[in-house]
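Per-entry structural report
Residue strings, one per chain:
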Amino acid sequence: MAEAAGGPQPEDCPGSSSAQAGRAAACQGCPNQGLCAAGAAPDPAELSELRSRLRAVKHTVLVLSGKGGVGKSTFSALLAHGLAADEAKQVALLDIDICGPSIPKMMGLEGEQVHQSGSGWSPVYVEENLGVMSVGFLLSSPDDAVIWRGPKKNGLIKQFLRDVDWGEVDYLIVDTPPGTSDEHLSVVQYLSATHVDGAVIITTPQEVALQDVRKEINFCHKVKLPVIGVVENMSGFVCPKCKKESQIFPPTTGGAEKMCQNLNVSLLGKVPLDPRIGKCCDKGQSFLSEAPESPATSSYRNIIQRIQEYCDQHHLPEEKIV
Amino acid sequence: MEEAAGERTNLAGVRHILLVLSGKGGVGKSTISTQLALALRHSGRRVGIMDVDLCGPSIPRMFQVQDSDVHQCDSGWVPVYVDQDKSISLMSIGFLLEKPDDAVVWRGPKKNALIKQFVADVAWGDLDFLIVDTPPGTSDEHISTVEALRPHKLLGAILVTTPQAVSVGDVRRELTFCKKTGLRVLGIVENMSGFVCPHCSECTNIFSKGGGEELAKHAGVPFLGCVPLDPQLSQSSEEGRDFIQDFPKSPAFPALAHIAQQILDGTSQQSS
Ligand SMILES: Nc1ncnc2c1ncn2[C@@H]1O[C@H](COP(=O)(O)OP(=O)(O)OP(=O)(O)O)[C@@H](O)[C@H]1O
Ligand SMILES: Nc1ncnc2c1ncn2[C@@H]1O[C@H](COP(=O)(O)OP(=O)(O)OP(=O)(O)O)[C@@H](O)[C@H]1O
Ligand SMILES: [Mg+2]
Ligand SMILES: [Mg+2]
Ligand SMILES: [Zn+2]
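Quick caveat, the model's predicted, so the values are computed rather than measured.

Quick look at the overall build of chain A
What chain A contains, in helices and strands, is 11 helices and 12 strands. Burial statistics for chain A: of 322 residues in total, 59% are counted as buried.

Considering the site of ligand 2
What surrounds ligand 2 is a group of 24 residues, the closest being A:Lys67, A:Gln206, B:Lys29, B:Ser30 and B:Thr31. The environment of ligand 2 is shared, with nearby residues belonging to chains A and B. Within the side chain of A:Lys67, an N or O atom sits 2.6 Å from an oxygen atom of ligand 2. With respect to ligand 2, the side chain of B:Asn191 contributes an N or O atom lying 2.9 Å from a nitrogen atom. Contact with the protein chains removes 98% of the 630 Å² of surface that ligand 2 exposes when unbound. Elements supplying a minimum of two residues to the shell around ligand 2: α1 (29-42), β9 (185-196), β11 (223-229) and α7 (231-239) of chain B. Taken together, the residues that form the shell around ligand 2 break down as 10 nonpolar, 10 polar and four charged.

Structural notes on helix α9 (residues 275-283) of chain A
Residues and elements named next belong to chain A. Among all positions in α9, only Pro275, Ile277, Gly278, Cys280 and Cys281 are buried. The opening residue of α9 is Asp274, an N-cap whose side-chain oxygen sits 2.8 Å from the backbone nitrogen of Arg276. Following α9 by one or two positions, Gly284 has its phi on the positive side, about 75 degrees.

Remarks on the UniProt feature "binding site: [4Fe-4S] cluster" (unreviewed entry) in chain B
Mapped onto this numbering, the UniProt entry annotates "binding site: [4Fe-4S] cluster" (unreviewed entry) at B:Cys197 and B:Cys200. Structurally, B:Cys197 is set in the loop between β9 and β10 (203-204). Using a relative accessible area of 2% as the deciding quantity, one classes B:Cys197 as buried. If sequence neighbours within four positions are ignored, B:Cys197 has contacts with A:Cys239, A:Cys242 and B:Glu202. With respect to the element layout, B:Cys200 can be found in the loop between β9 and β10.

Concerning the side chain of B:Arg107
Within the secondary structure layout, B:Arg107 lies in the loop between β6 (88-92) and α3 (108-121). Owing to a relative accessible area of 0%, B:Arg107 belongs among the buried residues under this scheme. Polar contacts involving the side chain of B:Arg107 include one to the side chain of A:Gln189, which spans 3.3 Å.

What about the UniProt feature "binding site: ATP" (unreviewed entry) in chain A?
Residue and element names in this part refer to chain A. In the numbering adopted here, UniProt assigns the feature "binding site: ATP" (unreviewed entry) to Gly66, Lys67, Gly68, Gly69, Val70, Gly71, Lys72 and Ser73. Looking at where Gly66 falls in the secondary structure, it is placed in the loop between β1 (57-64) and α3 (72-84). With residues up to four places along the chain from it excluded, the contact list for Gly66 reads Pro178, Gly179, Asp212, Val213 and Glu216. You can call Gly68 buried: its relative accessible area is 10%.

Remarks on the interface of chain A and chain B
In this assembly, 75 residues from chain A lie in contact with 67 residues from chain B. Both faces considered, chain A and chain B share a buried interface measuring about 6100 Å² in area, 56% of it formed by carbon and sulfur atoms. Counting every contact that joins chain A to chain B gives six salt bridges. For B:Asp101, the salt bridge is made with A:Arg214, and the minimal N-O distance between the two is 3.2 Å. Counting across the interface, chain A meets chain B through 32 residue pairs in polar contact (both at pLDDT 80 or more). When contributions to the side of chain A that touches chain B are tallied by element, the ones reaching two or more residues are α4 (103-106), α5 (150-162), α6 (182-191), α7 (207-222), β11 (245-246) and α9 of chain A.

Details of the UniProt feature "binding site: ATP" (unreviewed entry) in chain B
Residue and element names in this part refer to chain B. UniProt's feature table lists "binding site: ATP" (unreviewed entry) at Gly23, Lys24, Gly25, Gly26, Val27, Gly28, Lys29 and Ser30, given in the numbering used throughout. Residue placement: Gly23 occurs in the loop between β1 (14-21) and α1. Non-local contacts of Gly23, meaning those with residues more than four positions away in its chain, are made with Pro136, Gly137, Asp170, Val171 and Glu174. Positionally, Gly26 belongs in the loop between β1 and α1.

Section: the packing of helix α5 (residues 165-181) of chain B against helix α6 (residues 211-219) of chain B
Residue and element names in this part refer to chain B. α6 packs onto α5 with a crossing angle of 30 degrees between their chain directions and a minimal axis gap of 10 Å. Regarding the angle of α5 to α6, the classification is roughly parallel. The chirality of how α5 crosses α6 is right-handed. Of α6, the residues touching α5 (which contributes Val168, Val171, Arg172 and Leu175) are Gly211, Gly212, Leu215, His218 and Ala219.

Observations regarding the pairing of β9(B)
All names here are of chain B. Of all 12 residues making up β9, 11 are buried, and the element is well covered by its neighbours. In the sheet, strand β8 (residues 154-161) pairs with β9 via five bridges, with the strands oriented parallel. Within β9, the residue paired with Ile158 across the bridge is Gly187. Pairing geometry for β9 and β10, over two bridges, is antiparallel. Each bridged residue has a counterpart across the sheet, and for Phe195 the counterpart in β10 is Thr204. Taking the residues between adjacent antiparallel strands as the criterion, β9 and β10 are bridged by six residues, where Ser201 takes a positive phi near 65 degrees.

Focus on the confidence of the model for chain A
Within chain A, residue pLDDT values average 89, and 85% of them lie at 70 or more. Note that residues 1-11 of chain A has pLDDT below 50 and, in this model, 30 contacts with residues that lie over four places away or in other chains.

Regarding the packing of aromatic side chains
Using the criterion set out here, one finds six aromatic pairs over all chains in the structure. Here A:Phe75 and A:Tyr300 contribute two aromatic rings whose centre-to-centre distance is 6.1 Å and whose plane-to-plane angle is 35 degrees, an arrangement assigned as tilted. Of the two residues, A:Phe75 sits in helix α3 while A:Tyr300 sits in helix α11 (residues 295-313), which places them 225 residues apart along the sequence. Exposure class is identical for A:Phe75 and A:Tyr300. Each is buried. Ring geometry for A:Phe237 against B:Phe195: centres 5.5 Å apart, planes inclined by 90 degrees, an arrangement best described as edge-to-face. Here A:Phe237, found in strand β10 (residues 237-238), pairs with B:Phe195, found in strand β9, and the two come from separate chains. Taken individually, A:Phe237 and B:Phe195 each receive the classification buried, so the pair is uniform in this respect. Of the aromatic side chains, those joined through ring pairs into one cluster are A:Phe75, A:Phe287 and A:Tyr300.

Parameters and conventions
Residues numbered from 1 in each chain as written. Chains lettered and ligands numbered in written order. Predicted model: local features only at pLDDT ≥ 70, side-chain atom pairs only at ≥ 80, totals over all residues. Heavy atoms only, no water. Helix = DSSP H or I, 4+ residues; strand = E, 2+ residues; numbered from the N terminus. Buried < 20%, exposed > 50% of the residue type's maximum accessible area, 1.4 Å probe, protein only. Near = heavy atom within 4 Å. Polar contact = N/O pair within 3.5 Å; in protein donor to acceptor, adjacent residues only side chain to side chain. Areas by Shrake-Rupley, 256 points an atom, 1.4 Å probe, with all protein chains shown as cover. Nonpolar A, V, L, I, M, F, W, Y, C, P; charged D, E, K, R; others polar. UniProt positions renumbered as here; feature names shortened; annotations may be inferred. Contact = heavy atoms within 4.5 Å. Buried area = accessible area lost by both parts, 1.4 Å probe. Salt bridge = Lys/Arg side-chain N within 4 Å of Asp/Glu carboxyl O. Axes fitted to C-alpha atoms, helices over the stretch in contact; angles between N-to-C directions. Parallel < 35°, antiparallel > 145°, perpendicular 65-115°, else oblique. Left-handed = near helix turned anticlockwise from the far one by under 90°. Pairing = 2+ DSSP bridges. pLDDT = per-residue confidence, 0-100. Phe/Tyr/Trp six-rings, centres within 6.5 Å; stacked < 30°, edge-to-face > 60°.

Right under this line is the structure:
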C-alpha cells in the first residue's frame, strides 16, 4: 500500500544514517534519495569538525518521545538542573525543537540572546555550570514563528553542535520535538562524531501515547541509539483536598510498565501529575528546588540518579571509526 | 480557480475544510478533531478527517479502527469508514503501515509527497466538513498541507492550547504562521482547563487556567471555549467510544458541543 505513496515502504529504508543511505535499492524513487545520499548525512570533513568541537563532551543523553506534550522539555530541564546541582559538573542543555522551543521559558531565560565570541556562539548560562542553547535565543519577538522545512532545521542543528562554544562538558542533554523525522535523524547523524550514551524516552500512561512511543523505541533500534530507559510522566493525580487518586490519563493497556516488559527496556520511574510542575515551568524555576518535598521531586531525583549511574557505567567512550 | 484541474476533483464534493493546529504537542489536537467530527455527525453532517501527523498518527485509534486498511478504487484511495452509514471517513498513515509499531522515519520531502497524495488521491466523496488533524509545529506538514489545500474550500483553522504559558507561547507562533500563510483563524480552544475531582468536586488547575482565553483576546480572534480535563474523555479516546453520545453528563460535554455549534453557526452564516 505504502508503495502508492510514491516511495518505498518505510521498512525497506536503510535509514539515513546508514552507509547505504540514498544508495540502497529501496532508495530508488524515494523523494529523499538526493538528501540522504548527499546533503543530509554529514561528509567526512564536517564530521571531523563536529568531532573536534564535541571532543570535550563526556556524556550525551537525548530526551525523546513519539508523542507530543508528554513532558520531554520539562524532564530535560529538570535533568539539567539535577545534574548541575553538583558544582563540579559542567552541564549543557541543547533544545533542538526548532518550531516549538520551550527550554528558554522553562529555564527562566526568555528574551535572552546568544552572543558571538571568537570561538563561536556562546551558550546562555543559567548557572556557571549550566549552559543552554535554543532557537528561542535567536528570535527577536515571542510572536516570531520559525516556518522552516527540514533542511533549514537540519542546518541549524548542525550549527548548534558545530558552532557553539560548549567548552568542557560532562553532560550534554538534548531536548527534542516529538516524532521520528528530520531533527531526530540529523541530531543522531551529527552526534555520531561523538559518544552518545543513549536516549531517555518519555511517555504518559495511556495507549494513545504508548503507540507513538513504541515507534520511537523502534527508531532508536533502527539508528542504533541505546535506550537508557523510559519515564512514565503524568502518572496519576492525587487531589490536594481529599487525597484520592484519579487516573486522568488512564493506563488502559498496562501503561509504560507493560510496554517496557514487552519491549525489554527499563522503566526508570513514574512521575505523578503535580500542578506545581506546570507553574514552575511557566515561571522558569526548577521544580526540584521549589518543591523538594513533593513525591514528583523524589521520583525525578531517583530517575536522574539512575541516568547518572547508567552514564558512569558507560564511561569509556569507544573510539569511533567513521 | 484551480478547481478545474483534473487531479483535484477528489475534493470537489467537500464543502468546508478546517485545520486543527497547535504549536504545542499533546494539547489535544487529535482529541478535538475527533470530538468535533463526532459532534458534527450528531448534527447530521458528513465528516472526514485527514490525519497529516505522519510520525505519530492518533486518529485510527481514537476511532478504534487501527486495524483497517485503505483500498484502491478508480478515483483513488478509499478512506476508512468508522460505521456502516459512512458518516465519518478517515485517512491516516496509520492505515498504510504493515506493523502498527513501525516508525515512520521520514524527512520532509517524503512527508510532503504523502500529504499531496492525501489531498489529491483520496476519494472523499460528498462531505460537509473535512477536518485536518496536524502534528505540532510550523514545518513541512503544515506548509505542505496549507499549500495543497489552498485552491480548495479552506475555511480556516482552529487553534488548540492548554492554559499554560509554555503552550500559549507556542500557539502565539502558530498564529503568526496563520497570518503569514493567509489562513483564517476560526478561534482558539483552551483544553485541559481545570480538573474537577470526581471524589470531592474540588477543582485543581493542573495545567493552570485562562491562558487560552487571554491569548484569544490579545490576538483579537474568537475564543471557542474551555474544555476541562475529564478522565472520561481520555478514556473514551482510548477505547474509541463516542464521548458525546456516551457521556452527556460529563464536564467536557457542554464545552465540546459548544465548539461544534460555533463552527456550524459560522458556516451557516457564511452560506446564507
Ligand atoms: N508531571 C507533571 N505534572 C504536571 N504538569 C506537567 C508534568 N509534566 C509536564 N507538565 C506540564 O505539561 C506540559 C507539557 O510538558 P512539556 O512541554 O515538557 O512536554 P513536551 O513533551 O516537551 O511537549 P512538546 O511535544 O510540545 O515538546 C507543560 O506545560 C508542563 O509544564
Ligand atoms: N480535556 C481532556 N481531558 C482529559 N484528557 C484529555 C483531554 N484532552 C486531551 N486529553 C488526552 O490527552 C492526550 C493528548 O491528547 P491528543 O493526543 O489529542 O493531543 P495532540 O495535541 O493531538 O497530541 P500530539 O501533539 O502528540 O499530536 C490524549 O491521551 C487525550 O486522550
Ligand atoms: Mg518540548
Ligand atoms: Mg495528535
Ligand atoms: Zn478530591
